[in-house]
Structures are given as structure tokens and as C-alpha cells.
Amino acid sequence: MPGGRLTQQERQQIALGVADGLAYAEIARGLDRPTSTITREVMRNGGPTAYRAELAHRATEHRAHRRRQAAPRGQEAPPQAHGRDAEAVRAYEETFTTALMQAGTPKMMARVLACLCTSDSGSLTASELVQRLQVSPASISKAIAFLESQGLVRRERDERRRERYIVDDDVWYQSMMASARGTAQLVEIARQGVGVLGSGTPAAARLENIARFLDFVSESLARAADQAREVLHTKPGTTVDSTD
């Protein structure tokens, strides 16, 4: 299986495959590349509706140029903690970002969340995020505001009075509970519509079905999240005894 960066010709084949509605796995087989490579390539360059081979190739060259500028000649990248492979970590962060984007998270917000989740501290300042992601402070601020609204990050001041952005170990639990609260509000609004539109009318019946469905799903999700956190959540350095 070939490695290395995608060529311009391969990007043209990806563009043709996307335009024809082929699955990423099918495109990957045609190029003898991993499916994750094709998925990441498309998602970071406009998504399936806006992917263009020439634009993607230029964007990749531009990113590579910026990385070379960020690392002066003769200066090696700082060693990774715990003996990690720096290139493998970078590739994984891109894969994680792509997965978040496919789940509906906007690109910059996905990049910030992936960066926080893959840091050992789970806590970074705005300047640290700017340096790691090579983006503007305004982009970080906007991303953090969105992630806060989804219950995915929180802020606190450190001993130097710097604002730090934190992703907690139970981040997905907090996010799911925030989602459940938002869904509960939608349930209430849907049921208000039943009274406004008149009980027994087709529109009211539709809204009542929406309310019942979302109410059931929301309660089930919240209950499952509570149970999962109680049973599955572990701290670093702990293991689950398989005999329990």
C-alpha cells in the first residue's frame, strides 16, 4: 500500500469519485489507499459538496509551507512526551478532527476540541492553541464559544491569571446532558404548538408525535449516560478488573 502525500493526480481521481457519489472506501480501493486518508482529504478540503482537486492540492502545499516556516532549519521538533512519535500524533489528531467533523462539528471547533482531547493536561491557553494550530486568536475565541455552548469545554483562571480552556475527562457525558436539556426544551415547544394549532388537527398530531419521540429519546439518552459514567469511567493509571 503506497504511503506519503497524495499526488495531484490522485486528488483528481478523488474529485471524480466524489462527484460520482462513490463511497470513500470504494475511492480508497481504487487508489490503494486507506479509507481514512480519503475521508480526511475530503473533509479538510470543503467536504463532499465542495471538494476540488486543484484547490485541495494548493491548500496542502500551503499548509506544508507554513509548517516549514514554523520550524527553522536545523531546529528539530521538540520531543513528544512519553516517547510518542510526533508524526503519528499529528496524523491521529487529523483523523480525530475528521471524525468530529463527520459528526457535525464545524472544522475549527473540531480542530480545537481534538487538540484539547489529545493533550495530557486536557487544558490549554488561547496562546497555546494559537501556536499549536497556527490560527488567529479570533478563530480560537469563536471556536471556544461554540464548544462551551455544547458543554464540551469550560474556562478557568490559572495561578498566573491566564484563562485556560479545559476538556474534562467526562466531556462526552457533559455534552450528552447538554444535548438532552436542549432536546427537552424542544419537546416543550413542540407541545406548546399542539395547543396553538388545535388538538386533533394534522399539524398538531405531527407536533405531538415529535414531542413524544424526542421526549423518549432524551430521557433514554440521559439515563444511559448516567449509567455509563457510573460503570465505565476510569482515571488514568487505573484498570478495570475483568473478573468483576
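Residues numbered from 1 in each chain as written. Predicted model: local features only at pLDDT ≥ 70, side-chain atom pairs only at ≥ 80, totals over all residues. Heavy atoms only, no water.

Visitor: Describe the overall build of the chain, and please don't skip the residues or the numbers.
Guide: Each helix and strand in the chain was counted, giving 10 helices and 3 strands. If you list the helices and strands of the chain from N to C, you get α-α-α-α-α-α-β-α-α-β-β-α-α. The 244 residues of the chain split such that 31% are buried. In the chain, 54% of the contacts between residues at least 6 apart in sequence involve partners at least 24 apart. Carbon and sulfur atoms make up 53% of the accessible area of the chain, which amounts to about 15,600 Å² in all. (Helix = DSSP H or I, 4+ residues; strand = E, 2+ residues; numbered from the N terminus. Buried < 20%, exposed > 50% of the residue type's maximum accessible area, 1.4 Å probe, protein only. Contact = heavy atoms within 4.5 Å. Areas by Shrake-Rupley, 256 points an atom, 1.4 Å probe, with all protein chains shown as cover.)

Visitor: I'd like a rundown of the pattern of salt bridges, residues and numbers included.
Guide: The full count for this structure, using the stated rule, is 18 salt bridges. One salt bridge in this structure joins Glu163 and Arg155, with 2.9 Å as the shortest N-O distance. Of the charged contacts in the structure, one is a salt bridge between Asp158 and Arg162, with a shortest N-O distance of 2.9 Å. The exposure class assigned to Arg162 is partly exposed, which follows from its relative accessible area of 29%. Connected through shared salt-bridge partners, Arg40, Arg44, Glu87, Arg90 and Glu94 make up one network. (Salt bridge = Lys/Arg side-chain N within 4 Å of Asp/Glu carboxyl O.)

Visitor: Which residues make up the pairing of strand 2 (residues 154–157), and what are the values?
Guide: One ladder, built from 4 bridges, connects strand 2 with strand 3 (residues 163–166); its direction is antiparallel. Pairing of Arg155 across the sheet is with Tyr165, part of strand 3. Adjacent in sequence and paired antiparallel, strand 2 and strand 3 are bridged by 5 residues, among which Arg161 carries a positive phi angle near 65 degrees. (Pairing = 2+ DSSP bridges.)

Visitor: Help me get a handle on the sheet that holds strand 1 (residues 123–125), residues and values and all.
Guide: The strand order 1-3-2 describes an open sheet built from 3 strands, whose pairing is antiparallel. For this open sheet the edge positions go to strand 1 and strand 2, each flanked by a neighbour on one side alone. The mean angle between the axes of side-by-side strands here comes to 35 degrees, regardless of whether they run parallel or antiparallel. Where strand 1 meets strand 3, 3 bridges bridge the pair, whose relative direction is antiparallel. In the sheet register, Thr125 faces strand 3, and the bridge partner there is Arg164. This element, helix 7 (residues 126–133), spans strand 1 and strand 3 of the sheet and lies at about 90 degrees to strand 1. Contacts between helix 8 (residues 137–149) and the sheet are confined to strand 2 and strand 3, with strand 2 contributing the most and set at about 115 degrees to the helix. (Axes fitted to C-alpha atoms, helices over the stretch in contact; angles between N-to-C directions.)

Visitor: Lay out the packing of helix 6 (residues 107–117) against helix 7 in plain terms, naming residues and giving numbers.
Guide: Put simply, helix 6 and helix 7 touch, their axes get as near as 11 Å, and they point 105 degrees apart. Between helix 6 and helix 7, the crossing angle belongs to the class labelled roughly perpendicular. Contacts between helix 6 and helix 7 involve Arg111, Val112 and Cys115 from the former and Leu129, Arg132 and Leu133 from the latter. Classifying every residue of the contact of helix 6 with helix 7 by side-chain character gives 4 nonpolar, no polar and 2 charged. (Parallel < 35°, antiparallel > 145°, perpendicular 65-115°, else oblique. Nonpolar A, V, L, I, M, F, W, Y, C, P; charged D, E, K, R; others polar.)

Visitor: So, the packing of aromatic side chains: which residues are in play, and what are the values?
Guide: A complete count under the given rule lists 1 aromatic pair for this structure. Relative to Phe96, the ring of Tyr92 lies with its centre 6.0 Å away and its plane at 35 degrees, an arrangement referred to as tilted. Of this pair, Tyr92 and Phe96 both sit in helix 5 (residues 86–102), separated by 4 residues, roughly a single helical turn. The exposure class of Tyr92 is partly exposed, given its relative accessible area of 47%. Residue classification places Phe96 among the buried residues on the basis of a relative accessible area of 18%. (Phe/Tyr/Trp six-rings, centres within 6.5 Å; stacked < 30°, edge-to-face > 60°.)

Visitor: Tell me about the nonpolar core, residues and numbers included.
Guide: Residues Ile14, Ile38, Val112, Leu129 and Ile140 are the most contacted members of the largest nonpolar core, which totals 35 residues. Ranked by residues supplied to this core, first place goes to helix 6 with 7 residues. Discounting chain neighbours no more than four positions away, the residues touching Ile14 are Leu6, Ile27, Leu31, Ile38, Glu41, Val42 and Tyr51. Tyr173, Met177, Ala180 and Ala222 belong to the second largest nonpolar core, which has 5 residues in total. (Core = buried A, V, L, I, M, F, W, Y, C linked by side-chain atoms within 4.5 Å.)

Visitor: Quick rundown of the environment of Arg164? Include the residues and the values.
Guide: If you trace the backbone, Arg164 turns up in strand 3. Look at Arg164 and you get buried, because its relative accessible area is 15%. Distance from Arg164 to Ser123, taken between C-alpha atoms, is 6.3 Å for residues 41 residues apart in sequence. Excluding anything up to four places from it in sequence, Arg164 contacts Ser123, Leu124, Thr125, Glu128, Arg154, Arg155, Glu156 and Asp158.

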